[in-house]
Amino acid sequence: MAQTRTRLTHAQLADLARHAFGLSPVAPDLPQTDLEDAEGVLVATADDGGLTVREIPRWRSPSAVRAELDARGWERPAAWVGTPPEDPAGLPERLLVLLPVAGTAPDSAVISLSAAAWATRAPGVELFVVPVPVSAADPEVSWTELAAAYGAGPVASRVEPAPPSTGGRVVMFTGLSGAGKSTIASRLVELLLESGRTVTLLDGDDVRTHLSAGLGFSRADRDTNVRRIGWVAAQVAKHGGLAVCAPIAPYAATRTDARRLVEEQAGPGSFVLVHVATPLEECEARDRKGLYARARRGEIAEFTGISDPYEAPTDAELTIDTRSSDVDASARLVLEHLEGR
């Protein structure tokens, strides 16, 4: 039987990198098995004999950075940890910039936006920007020790205390079939496009046709469908984009999973849950597809609200009742929330 592997999270891979690089003397607590990164690369093996690190494919080691500094002729340059200062006037001609981004994906907009900010704010400075596997809000090693490990001298810093955010957002509408989710979501997309935003719409029916083709409507298949939507939306938000989703998403645990997926990739507050709380009787009255009638006759099994439960959210950022709020007004409520009004 083939040996199973455990896939490390981004945070666990950062733990492993710190230990392998000598930044942390204590080996991370990892499962005793072969360990791989998100790409399936074998990075380490943990067993009774301890932890054997094979390779760290994402992070640049301090020794590799020191070697490149030597190749550039930079002898113990000044270092800066985090984002650039508001006034770059006092910066030296050469600067090693260390970005503490442990736990983020390697292609996260957090990294590219930080690097771009340095290029914009310090155009006259020769920069060497290196992401490092250290947490910004709660660093596992002091900035002075970190700079010394990477071959730099005096260190300054400007680190945001809040966890990093890509600026991307995900709006997930949830509610019964016929509640008005797709209609409001479509109008929200129109308003966002009118304001010059780029937005990705993941509508429930379209997702079922393409991304989740072949899935049924059992609880397991519904969970898989919502998690797929959450994963795709998280990829959009990870790169700073905006995604709007409109599944029924009847189960609280799966919505929580989607929130976690998004906020892990795009930062706290990047997931906005909108409960379209149109009551069952109103949804049945609007039933243009005749689905509720078929479910009442027993022709559709496990139909949400009839023969399968809908778990109303207790953690929604917005709740809308379409009996008292029309489509345009409902979409504008969501837009106002996104804009912080």
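Higher on the page you've got the structure.
For every chain, the first residue of the written sequence is number 1, and numbering continues from 1 along that sequence. Thresholds applied to this predicted model are a pLDDT of at least 70 for local features of residues and 80 or more for the giving and counting of side-chain atom pairs; totals over whole chains, interfaces and linings are not thresholded and use all residues. Excluding hydrogens and water, the side-chain figures rest on all heavy atoms present in the structure.

Caption draft 1: Summary view of the overall build of the chain. A tally of helices and strands in the chain yields 11 helices and 13 strands. Taken along the three principal axes of its C-alpha coordinates, the chain extends 80 × 55 × 30 Å. The buried label goes to any residue with under 20% of its type's maximum accessible area, the exposed label to any with over 50%, and the partly exposed label to all in between, with areas taken from a 1.4 Å probe on protein chains only. Per-residue burial over the chain gives 45% buried out of 341 residues. Residue contacts are defined here by distance: any two heavy atoms, one from each residue, within 4.5 Å place the two residues in contact. The long-range fraction of contacts in the chain, counting pairs at least 24 apart against all pairs at least 6 apart in sequence, stands at 69%. Approximately 16400 Å² of the chain is accessible, and the part contributed by carbon and sulfur atoms is 51%. Across the chain, the centroid of the 34 positively charged side chains sits 3 Å from that of the 46 negatively charged ones. Counting from the N terminus, the helices are the DSSP runs of H or I reaching at least four residues and the strands are the DSSP runs of E reaching at least two. The Shrake-Rupley method, run with a 1.4 Å probe, gives the accessible areas here. Residue values count only the displayed protein chains as cover. For this count, His and the chain ends are skipped, Lys and Arg are scored as positive, and Asp and Glu as negative. Charge positions are represented by NZ for Lys, CZ for Arg, CG for Asp and CD for Glu.

Caption draft 2: Fine view of the packing of aromatic side chains. The aromatic pairing rule takes the rings of Phe, Tyr and Trp, using the six-membered ring of Trp, and pairs them if the centres are within 6.5 Å, calling planes under 30 degrees apart stacked, those over 60 edge-to-face and the rest tilted. Evaluation of the coordinates by the stated rule reveals three aromatic pairs. Residue placement shows Arg72 over the ring face of Trp74; its charged tip is 5.4 Å from the ring centre. The ring of Tyr251 has Arg219 lying over it, and the distance from NZ or CZ to the ring centre is 3.7 Å. Only Lys NZ and Arg CZ are tested; either one counts as a charge over a ring when it is within 6 Å of the ring centre and within 35 degrees of the ring normal.

Caption draft 3: Here's a closer look at the pattern of salt bridges. Note on definitions: salt bridges are taken to be side-chain nitrogens of Lys or Arg within 4 Å of carboxyl oxygens of Asp or Glu. With the rule as written, the count across this model stands at 24 salt bridges. Among the ionic pairs, Arg94 bridges to Glu126, the shortest N-O distance being 3.4 Å. Pair noted here: Arg94 is in strand β6 (residues 94-100) and Glu126 is in strand β7 (residues 126-132), with a separation of 32 residues, a long-range link. For Glu126, a relative accessible area of 40% puts it in the partly exposed group. We note a salt bridge from Arg187 to Asp328, for which the minimum N-O separation is 2.8 Å.

Caption draft 4: Just the nonpolar core, in detail. Leu96, Leu146 and Tyr150 are the most contacted members of the largest nonpolar core, which totals 43 residues. Counting residues per element, the ones that place at least two in this core are α1 (10-20), β3 (42-47), α2 (62-72), β5 (79-82), β6, α3 (109-121), β7 and α4 (143-149). Considering every element that reaches this core, the biggest residue donor is β6, with five residues. Here the nonpolar core consists of buried residues drawn from Ala, Val, Leu, Ile, Met, Phe, Trp, Tyr and Cys, with membership extended through side-chain atoms lying within 4.5 Å. In terms of nonpolar packing, the next biggest core, distinct from the first, is built from 29 residues, Phe173, Leu188, Leu242 and Tyr310 among them.

Caption draft 5: Expanded view of the side chain of Arg255. Within the secondary structure layout, Arg255 lies in helix α8 (residues 252-266). For the buried residue Arg255, which engages in no salt bridge, the nearest side chain bearing the opposite charge is Asp315, 5.1 Å off. Pairing of N or O atoms within 3.5 Å defines a polar contact, subject to two protein rules: one partner must be a possible hydrogen donor and the other a possible acceptor, and residues neighboring in sequence count only if both atoms are side-chain atoms. There is a polar contact of 2.6 Å between the side chain of Arg255 and the backbone oxygen of Glu311.

Caption draft 6: Here's a closer look at the side chain of Ser325. Structurally, Ser325 can be placed in the loop between β13 (318-320) and α11 (327-338). For Ser325, a relative accessible area of 12% gives the class buried. Within polar-contact distance, the side chain of Ser325 engages the side chain of Ser330 at 2.8 Å. If sequence neighbours within four positions are ignored, Ser325 has contacts with Ile320, Ser330 and Leu333.

Caption draft 7: Representation of unusual backbone geometry in the model. If you check the backbone angles, Ala249 has positive phi at about 45° while not being a glycine. Residue placement: Ala249 occurs in the loop between β11 (242-246) and α8. According to the relative accessible area criterion, Ala249 is buried, its value standing at 2%. Of note, the phi angle at Glu302 is positive, near 50°, even though the residue is not glycine. Mapped onto the elements of the fold, Glu302 is located in the loop between α10 (291-296) and β13. You can call Glu302 partly exposed: its relative accessible area is 35%.

Caption draft 8: Layout of the sheet that holds β5. Here, strands pair whenever DSSP counts at least two bridges between them. Spatial strand order, β7-β6-β5-β8: four strands in an open sheet with parallel pairing. Each edge of the sheet is formed by a strand with only one pairing partner; in this case those strands are β7 and β8 (155-158). Put simply, the sheet's adjacent strands are angled 25° from each other on average, direction ignored. Taken together, the seven bridges between β6 and β7 define a ladder with parallel strand orientation. Residue pairing for β7: Leu99 is matched across the bridge by Pro131. A fitted line through C-alpha atoms serves as each axis, taken over the contacting stretch for helices, and the angle formed by two N-to-C directions is quoted from 0 to 180°. Sitting on the sheet, α2 is in contact with β6 and β7, with an inclination near 170° to β7. Across the sheet, α3 is in contact with β5, β6, β7 and β8; its angle to β6 comes to roughly 155°.

Caption draft 9: Molecular detail of the packing of helix α5 (residues 181-194) against α11. Where α5 meets α11, the axes come as close as 8 Å, and the angle between the chain directions of the two elements is 55°. Classed by the angle they form, the pair α5 and α11 counts as oblique. Of the two possible hands of crossing, α5 and α11 adopt the one that is right-handed. Residues Thr183, Ile184, Arg187, Leu188, Leu191 and Leu192 of α5 lie in contact with α11, whose contacting residues are Val327, Asp328, Ser330, Ala331, Arg332, Val334, Leu335 and Leu338. When an angle is under 35 degrees it counts as roughly parallel; over 145 it counts as roughly antiparallel; between 65 and 115 it counts as roughly perpendicular; any other value is oblique. Each crossing gets its handedness from the near helix: less than a right angle anticlockwise from the far helix is left-handed, clockwise is right-handed.

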